[in-house]
Structures are given as C-alpha cells and as structure tokens.
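The chain contents come next:
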Amino acid sequence: MTVSVYSREAIERIIAEGSFPDNTVVICFYDPAIKRIDKDYTHVDYSGVCKDVFYSELEDLDLEVLKRKGYTYDIYFPEADDMAMFIVKAHAYGKNIICQCEYGQSRSAGCAAAILEYFYHNGISIFTDYKYYPNQVVYHKVYDAIERQKRYFDNKFYFAADTDVAKKHIAQLHLSETLIADYKPENSHSVVDFKSEIEKQLSERNQLYCTSEEIIDALKKNKQPVYASFKASKLFYLYFGWNPDGVGIRFRYGCEEIPVYIYFNKYYFNNSDHRLVLYHRRTDGNHGYRLGSRGHFKSLSFFGKLSWDSERKMIDAVPLIMSNMA
C-alpha cells in the first residue's frame, strides 16, 4: 500500500489531466473556516474519478489552540474512528491511499504519517520531510483509532463467555465490575475492548502469563489455576462424541510437548465489520455458530483460565475470550 499526500491544487490538476491513479481511495480534509468566508467553498469533487472517498470537515488546529476554539482533545475530530476503519479496510483490500487537504502540509500529512507509522513503522519519513508540517493532533487521533479499529476488524470470528460467567471471573480476580459494564458477548467490539482491558490490568498486577514456559512454570509451582493470554496456531479439533468439543494445541516445554485442550463448542461472528461466509451454521438458539466438524479454524488469540492435570500431564484451558479465530 502506498500513501501519498496532496494539496487541493495538485489533486485537482491530476483530476483535470485524467491521470488519477487506479486502485486508490481518498481521505479528503476540507476547512470549515473557509466556508465562513466563501459560501461556495466545498471539498474537492472526486465523483468522476473515485468512489471510495472519506470526507472530513476539520479545522486545522494544534493542541494548544483547541481550548481557545472551544474544543477538548476528546471532542475534536469525532470522525477519527470511522476514518480509521476506512483506512483499515483499504489496507486489507490492497488499496493505495491519497491524503489530501487544502495545502497538503498539515492535516493530510499528519494522517499519512499515522498510516505509515502504524502499518510500516515509517511515519518519521513524513515528519522529517521539510515539505510537511504534520498536525500532531490529527496524527495521534488517527494512529490511536487505527490501532483500535484494526483490533475490531481482525476479530472476524470469536468466542465470548456469557456475561454471568465473565462476572464470576471478575469477582475471583478482585477487579472492578465497571470493567464489564459495556460487555455484551454478541457485540464483537465490546468483547475486544474487554479482552484488551482485562489483559492490561492483570499484566500490571503480574497475574497474566503469556509464554508456554512461564505458564507451565507457574502452574507447576503454584499448583493452582492461572490466567493466560497467548496466540495459538496449528489447532487440532477435540472429539468426545460426534461433534467437536473444542480445539487443542501443544506447548513446547524443554524437550516435551504438553497438550492444551481448549473446551468450547460455539462461537460468534463480527457482523459489524464483515459479511458472513455461507458455510458457518447457526446454533439452535440462533445466538452463535456451531464449531462444526470441518476444521474452519487454524489459529486464535486466547484469554482465559488454565489448570494443570498432573495425571494426564496436560493443561485444561477454559476460555473467557478468544479473538481473531481464523
């Protein structure tokens, strides 16, 4: 994905020449202050060259000017999250992005820098180019929003424990119930936010284990269940009857391979950001989808409770949240 910065004058010249690039989406900033001076002023007209355009009517303000203009950081640039999802989808679908504002120096440069930094760790290329004066508020708002919306978009299929189950875990961990105030298993965004926040809080309290070695060491040393967060791949399905009851993985521990059984039989679909593919079938209750026998999933991101089974020399895993099931 290439990310380019243009001024109004430069992009209108390209449109007039008929040389607008293919496979490109546009983020177009325009200035409400100019509208107060010129009633005929509006954004660049891309209607004849590009169908995928995100328009943002946004004043070009620095952090120290926001309060003087009646803004706070939180309420300035309210469309940042919608713009970020536009960016995330453009990246996922292999599109190039043009960022354009009046002079191609501040808002568009800040936006381009955020995109380049998030996806390619190269935002500095904009900040060190003397042609640009990137708006740092735009940069930070766009970067943070991309980070958030990318988590949402990547979470196409997921497992989420029922609210009552999640509350019991919160109580056991002595965490505030406010953590679960907005949690709804059928709402994929609330699930991702809950997973991110509970992992953050447990990590700060040194109660979260993330590598196979530290998980197994903690289980054997403490002789009690632990909470863990890890990414799993090379999944195999668990069958104790006709239908699968979960998936399994293997942890490397020295020269050993320790089986980990993750028990669940239904999952949810992120219908906020994706259209459901046909082969996934609903459960009888119509609230989720059957795990099924086709082995749809080969990887996932796990958060939940792990216990050591000394007799079978394996780990039983009870998921609270599993995201990015793919």
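Quick note: structure is the one above.
A brief look at the structure comes next. Source: prediction; values computed, not measured.

## Brief notes about the overall build of the chain
- Within the chain one finds 10 helices and 14 strands.
- When its C-alpha atoms are laid out on the principal axes, the chain stretches across 75 × 45 × 40 Å.
- Taking all 326 residues of the chain together, the buried fraction comes to 47%.
- Here the contacts in the chain between residues at least 6 apart in sequence split such that 66% fall between residues at least 24 apart.
- Total accessible area on the chain stands at roughly 17800 Å², and carbon and sulfur atoms take up 47% of it.
- The average position of the 41 basic charges and that of the 44 acidic charges among the side chains of the chain differ by 6 Å.

## Here's the deal with the pairing of strand S13 (residues 299-309)
- Looking at chain direction, strand S7 (residues 226-233) and S13 are connected through 8 bridges and run antiparallel. Each residue of the ladder has a partner; that of Phe-230, found in S13, is Phe-302.
- Relative to strand S14 (residues 314-325), S13 is paired through 9 bridges, and the arrangement is antiparallel. The residue bridging Lys-305 from the neighbouring strand is Val-318, located in S14.
- Where S13 folds back onto S14 in an antiparallel hairpin, the turn is made up of 4 residues, including Lys-313, whose phi is positive at roughly 50°.

## Details of the pattern of salt bridges
- Counted by the stated rule, this structure contains 9 salt bridges.
- The closest approach of N and O atoms between Arg-8 and Glu-102, which form a salt bridge, is 3.0 Å. Here the residue Arg-8 occupies a position in helix H1 (residues 8-17), and Glu-102 occupies one in the loop between strand S4 (96-101) and helix H5 (107-120), the gap between them amounting to 94 residues. Just as Arg-8 is buried, Glu-102 falls in that class too.
- With a shortest N-O distance of 2.8 Å, Asp-154 and Lys-150 are connected by a salt bridge. Highlighted residues: Asp-154 and Lys-150, both in helix H7 (residues 136-154), separated by 4 residues, approximately one helical turn.
- Relative accessible area serves as the criterion here: at 33%, Asp-154 is assigned to the partly exposed category.
- Overlapping salt bridges bring together Arg-8, Glu-12 and Glu-102 as one network.

## A few points about the packing of helix H4 (residues 80-92) against H5
- Relative orientation of the contacting elements H4 and H5 amounts to 50°, with a least axis distance of 12 Å. When the axis of H4 is compared with that of H5, the two are oblique. At the point where H4 passes H5, the crossing takes the right-handed sense. Contacts between H4 and H5 involve Met-83, Ile-87, Val-88 and His-91 from the former and Cys-111, Ile-115, Phe-119 and Tyr-120 from the latter.

## Some details on the nonpolar core
- Ranked by size, the top nonpolar core spans 51 residues in total, and within it Tyr-183, Phe-194, Ile-198, Phe-230, Phe-251, Leu-306 and Met-325 carry the most contacts.
- The element best represented in this core is S14, accounting for 6 residues.
- Apart from the residues within four sequence positions on either side, Tyr-183 is in contact with Ala-160, Ala-161, Asp-162, Thr-163, Ala-166, Ser-190, Val-191, Phe-194, Leu-320 and Ile-321.
- The next biggest cluster of nonpolar side chains, apart from the first, holds 42 residues, and it includes Val-3, Ala-90, Val-137 and Ala-145.

## Thoughts on H7
- The first and last C-alpha atoms of H7 sit 27 Å apart over 19 residues, in line with the 27 Å expected at 1.5 Å per residue.
- Within the sequence span of H7, burial applies to Val-137, Val-138, Tyr-139, Lys-141, Val-142, Ala-145, Ile-146, Gln-149, Lys-150, Tyr-152 and Phe-153.
- You can read the cap of H7 off the contacts: a side-chain oxygen lies 2.9 Å from the backbone nitrogen of Val-137, and it is on Asn-135.

## Quick notes on the packing of H4 against H7
- The geometry of H4 relative to H7 is characterised by a closest axis approach of 8 Å and an angle of 60° between their N-to-C directions. Between H4 and H7, the interaxial angle falls into the category oblique. H7 is crossed by H4, and the crossing has right-handed handedness. Judged by residue contacts, Ala-80, Asp-81, Met-83, Ala-84, Met-85, Ile-87, Val-88, Lys-89 and Ala-92 of H4 engage Lys-141, Val-142, Ala-145, Ile-146, Arg-148, Gln-149, Lys-150, Tyr-152 and Phe-153 from H7.

## Comments concerning the packing of aromatic side chains
- In the structure shown here, the tally under the stated rule is 23 aromatic pairs.
- Taking the centre distance of 5.0 Å and the plane angle of 85° together, the rings of Tyr-118 and Phe-119 count as edge-to-face.
- Of the residues examined, Phe-119 reaches a relative accessible area of 15% and is grouped as buried.
- An aromatic cluster is defined as three or more aromatic residues linked by ring pairs; in this entry it consists of Tyr-118, Phe-119, Tyr-120, Phe-127, Tyr-139 and Tyr-143.
- For the cation-ring pair, Lys-141 lies above Tyr-73, with the distance from its terminal atom to the ring centre recorded as 4.8 Å.

Cut-off values and rules
Residues take numbers from 1 onward in each chain, read along the sequence in its written order. In view of the model being predicted, local features appear only for residues whose pLDDT reaches at least 70, and side-chain atom pairs are presented and counted only at 80 or more, with totals across whole chains, interfaces and linings using the full set of residues. The side-chain numbers reported here are obtained from all heavy atoms of the structure, hydrogens and water having been left aside. The numbering of helices and of strands both runs from the N terminus, where a helix is a DSSP run of H or I of at least 4 residues and a strand a run of E of at least 2. Buried means the residue's accessible area, taken with a 1.4 Å probe over protein chains only, is under 20% of the maximum for its type, while exposed means over 50%, and partly exposed covers the values in between. Should any heavy atoms of two residues lie within 4.5 Å, those residues are considered in contact. Note on areas: these come from Shrake-Rupley sampling with a 1.4 Å probe, and a residue is covered only by the protein chains present in the view. Counted charges follow a simple rule, with Lys and Arg positive, Asp and Glu negative, and His plus the chain ends left uncounted. Charge positions are represented by NZ for Lys, CZ for Arg, CG for Asp and CD for Glu. The criterion for strand pairing is that DSSP finds at least two bridges linking the strands in question. Basic side-chain nitrogens of Lys or Arg form a salt bridge, by our definition, when they fall within 4 Å of a carboxyl oxygen of Asp or Glu. Interaxial angle, 0 to 180 degrees, is taken between N-to-C directions of lines fitted to C-alpha atoms, where a helix line uses only the stretch in contact. Orientation is classified from the angle alone, with under 35 degrees giving roughly parallel, over 145 giving roughly antiparallel, 65 to 115 giving roughly perpendicular, and any other angle giving oblique. With the far helix as reference, a near helix turned anticlockwise by less than a right angle produces a left-handed crossing, and one turned clockwise produces a right-handed crossing. Among buried residues, the Ala, Val, Leu, Ile, Met, Phe, Trp, Tyr and Cys ones that are joined through side-chain atoms within 4.5 Å form a nonpolar core. Multiplying 1.5 Å by the residue count of a helix minus one yields the expected span of that helix. Throughout this description, a polar contact denotes any pair of N or O atoms lying within 3.5 Å of each other; where both atoms belong to protein, one of them has to be capable of donating a hydrogen while the other can accept it, and for residues adjacent in sequence the pair is counted only when both atoms sit in side chains. Only the six-membered ring of Trp is used, alongside the rings of Phe and Tyr, when aromatic pairs are assigned; centres must lie within 6.5 Å, and planes under 30 degrees apart are stacked while those over 60 apart are edge-to-face, with the rest tilted. For a lysine, the NZ atom is tested; for an arginine, the CZ atom; a charge sits over a ring if that atom is within 6 Å of the ring centre and within 35 degrees of the ring normal.

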